[in-house]
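# What the coordinates show
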Amino acid sequence: MLESSTSIEIRNVYKIFGPHPERYIEAVRDGGMCKGDLLEKHNHVLGLKNVSLDIEAGHIQVIMGLSGSGKSTLIRHINRLIEPTAGEVIVEGTDVRALKPKALRNFRRASTAMVFQKFALLPHRTVIGNVVFGLEIRGVSRAEQLEEAHHWINRVGLAGFEDKYPSQLSGGMQQRVGLARALSNDAPILLMDEAFSALDPLIRVDMQAILLDLQEEVRKTIVFITHDLDEALRIGDRVAIMQDGELVQQGKPEDIVLSPATPYVEDFVRQVNRGRVVKVGALARSVSGPPAALRISGSLPLADAALRLVEARLSFADVTDANGAVVGRVGLEDVVRTLARSAGEEGALAGMASEEPPARLVG
Amino acid sequence: MMSFDGFPVMDADTLTALKKAIDGGFRAFTREFGATVEDFFLPLRTFLIFVERLLVTTPWPLVLLVIVGLVYLASRSWRLVAGAAAALLVIGYFGMWEDTMRTLAMIVVATLISVAIGIPLGILMAWSGRARAVMLPVLDVMQTMPSFVYLIPVVMLLGIGKVPGLIAVVIYAAPPIIRLTNLGIRLVDADVLEAADAFGASTWQKLRKVQLPLALPNIMAGINQTIMAALSMVVVASMIGVQGLGQPVLKAIANQYFTLGVFNGFAIVGIAIIFDRTSQAFGRRLQKHREAEHA
């Protein structure tokens, strides 16, 4: 039962930066003072405004927004690297705000681990020295530290690099160290603050794959911050979008792409390749009648589903869930309509073309 | 009308009375607590004499070997080892071995004390803005006040001898290590500190595992500066009875013995260079991760 429960509850959190946030919290919360007024008249910055978010255990929750939207501030409320001005943060049943310094340290040691945008590795320690850091802080025995560290170093693909210093590694490899350091802590919650944003696009995709692969195994509650919608849609089970310190929309990736709540979100999703992001399951409609000639999995991306229908010369197919049971039916027309509203097609075609080997040049 | 010809001065009698009162007060303090202060510094005196005896009475080949061995352990450089051995042999050959050993003892003890006091004070300064605000002007005074001035009360309290000399040396030599420890800790990357916090590190764990190791290059530079400052005080310290290379220099100044002055001066330079190169090489070795090239 606990497996699928809420892991992190963020309730009406406000954060005001400045020397005297308590003076203005009333005006912001009850008086509707806006960000601009607060800054202009009182020289305080409104970081978060009435943010509430439930994060499910064992899932990847992406928090997305442009820089300055408050996403990095929000993630730091979960392990209280930043104190909320008002509101509640409940993590695994613990009221994080109420923790005394020692209890807070223990909470951070046992319940959360974090990966940082700029890696934040210890430059004077080798890879293995960095990976054991969290365990060392917890006071785990040396033998156990090393065993755990070796396991995760292997798991992120850094075997053989144990004795290298961070300065000897590329950015992608450094972040693997950051990931191994966080995972070896064996905390149920993994906080990733723009963890892949500093990496080259290809390396970033690599790291996303590693993360998804690891998540299959570890099933942690992952809070992932990014400013990149493609990344958000690729790895998020749920996506929350922030703007100017407020949460403007949250839901499954498809919900966000198919029905953006505000013009801001719409701007974001306009460039998305729906054929890749939206799964055919999202278009399935319940019907009665004889079964269709073709069955396709609901987790198939729209573009692939369209191809399957065209190749089979069919106008509709039955959609199945993870267990193979039919959940509805989808028509080629609907698929094409949804695809056609997407602006990202040219990009996708160009990408497919470049994958063709330059056959004539070989030999 | 007011005249700007002369600076308006405090009344001469008042000024005299003020000076007398302060002098009298301090003299009374000296009479009352001189013995107590002396007792307080007794362990220091014992330690200094022990180190000095050790260096002077141990057969010179053994001392030479140990010094050269330490140079090698710290620097792993045979060139430096050869240089140090040559310098010490020349010093010995010119009859300055014993004085050099006494100076060495003084420098070693003064540096140890400076580091023992300086690193904790530097940490305190880095942690607390208030401590920093208090310490900075004190350090300025320690470094710029002519040493003869603070020698007066020290000599009044403790008389002439090794300990007052040591105190004078430490007052001048401690500020660099304090300043550079403070600087080194303040320069530690905020991101790395945040990571330590995120993993639940305590203040002590952060200090030991993050701040001190990352501040080490600056701390090593501070130790190097402290050693150099201590060496530069050798002649001044000899004026209040510290034995060593400073005393022949004093004699040379008083009697215009040019060669005597030059020989002893170069002996000081020689051990300064040995200390400097060795401590720098050691500092570099401690942070080999910085030299590691991108693979």
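On a predicted model such as this, the values are computed, not experimentally measured, just so you know.

Scanning chain A from N- to C-terminus turns up 16 helices and 13 strands. At 23 Å, chain A has a C-alpha radius of gyration in line with the 21 Å of a compact globule built from 363 residues. Projected onto its principal axes, the C-alpha coordinates of chain A cover approximately 65 × 60 × 45 Å. Among the 363 residues that make up chain A, the fraction classed as buried is 42%. Here the analysis covers contacts within chain A between residues at least 6 apart in sequence; of these, 66% occur between residues at least 24 apart.

How two helices sit against one another is set out by the angle between their axes and by the gap between those axes. All names here are of chain B. At a minimum axis separation of 7 Å, helix α8 (residues 162-186) and helix α10 (residues 203-232) run at an interaxial angle of 160°. Classified by the angle their axes make, α8 and α10 are roughly antiparallel. Handedness of the α8/α10 crossing: right-handed. Between α8 and α10, the residues in contact are Val169, Tyr172, Ala173, Ala174, Pro176, Ile177, Arg179, Leu180, Thr181, Leu183, Gly184 and Ile185 and Gln211, Ala215, Asn218, Ile219, Ala221, Gly222, Ile223, Gln225, Thr226, Ala229 and Ala230, respectively.

Turning to unusual backbone geometry, a few remarks are in order. All names here are of chain A. Positive phi values are uncommon outside glycine, yet Asn50 reaches one of about 45°. Backbone geometry at Asp244 places phi at a positive 50°, although glycine is not the residue there. The exposure class assigned to Asp244 is partly exposed, which follows from the 18 C-beta atoms found within 10 Å.

We now examine the domain arrangement of chain A. Residues and elements named next belong to chain A. As assigned here, chain A comprises domain 1 (58-80 + 93-272) and domain 2 (275-351). The C-alpha centroid of domain 2 is placed 32 Å from the C-alpha centroid of domain 1. If you look at the interface, domain 1 gives eight residues, while domain 2 gives seven residues. The residue makeup of the side of domain 1 that touches domain 2, split by class, is five nonpolar, one polar and two charged.

Contacts between the two partners involve 22 residues from chain A and, on the opposite side, 20 residues from chain B. Listing elements by their share of the side of chain A that touches chain B, those giving two or more residues are α4 (101-111) and α6 (133-138) of chain A. With four residues, α4 of chain A is the largest single contributor of residues to the side of chain A that touches chain B. Each residue belonging to the side of chain A that touches chain B can be placed in one class, and the counts come to ten nonpolar, seven polar and five charged.

What counts and how
The numbers attached to residues start from 1 for each chain and follow its sequence in the written order. Chains and ligands are labelled sequentially in the order written, the chains with letters from A and the ligands with numbers from 1. A pLDDT threshold of at least 70 governs which residues receive local features in this predicted model, and a stricter bar of 80 or more applies before side-chain atom pairs are shown or counted, although totals over entire chains, interfaces and linings include all residues. Runs of H or I in DSSP of at least four residues are treated as helices and runs of E of at least two as strands, each being numbered from the N terminus. Both definitions apply: the radius of gyration is a C-alpha atom measure, and the globule rule equals 2.2 Å times residues to the power 0.38. With C-beta atoms placed from the backbone, the exposure class of a residue follows from how many other C-beta atoms lie within 10 Å of its own: 20 or more, buried; 12 or fewer, exposed; in between, partly exposed. Note that contacts rest on C-beta atoms placed from the backbone: two residues are in contact if these are within 7 Å. Axes here refer to lines fitted to C-alpha atoms; in helices the fit is confined to the stretch in contact. Angles between the N-to-C directions go from 0 to 180 degrees. An angle below 35 degrees is treated as roughly parallel, one above 145 as roughly antiparallel, one from 65 to 115 as roughly perpendicular, and anything else as oblique. By definition, turning the near helix anticlockwise from the far helix through less than a right angle yields a left-handed crossing, and turning it clockwise yields a right-handed one. Reported domain spans reflect what an automatic or database domain assignment gives. Put simply, Ala, Val, Leu, Ile, Met, Phe, Trp, Tyr, Cys and Pro go in the nonpolar bin, Asp, Glu, Lys and Arg in the charged bin, and everything else, Gly too, in the polar bin.

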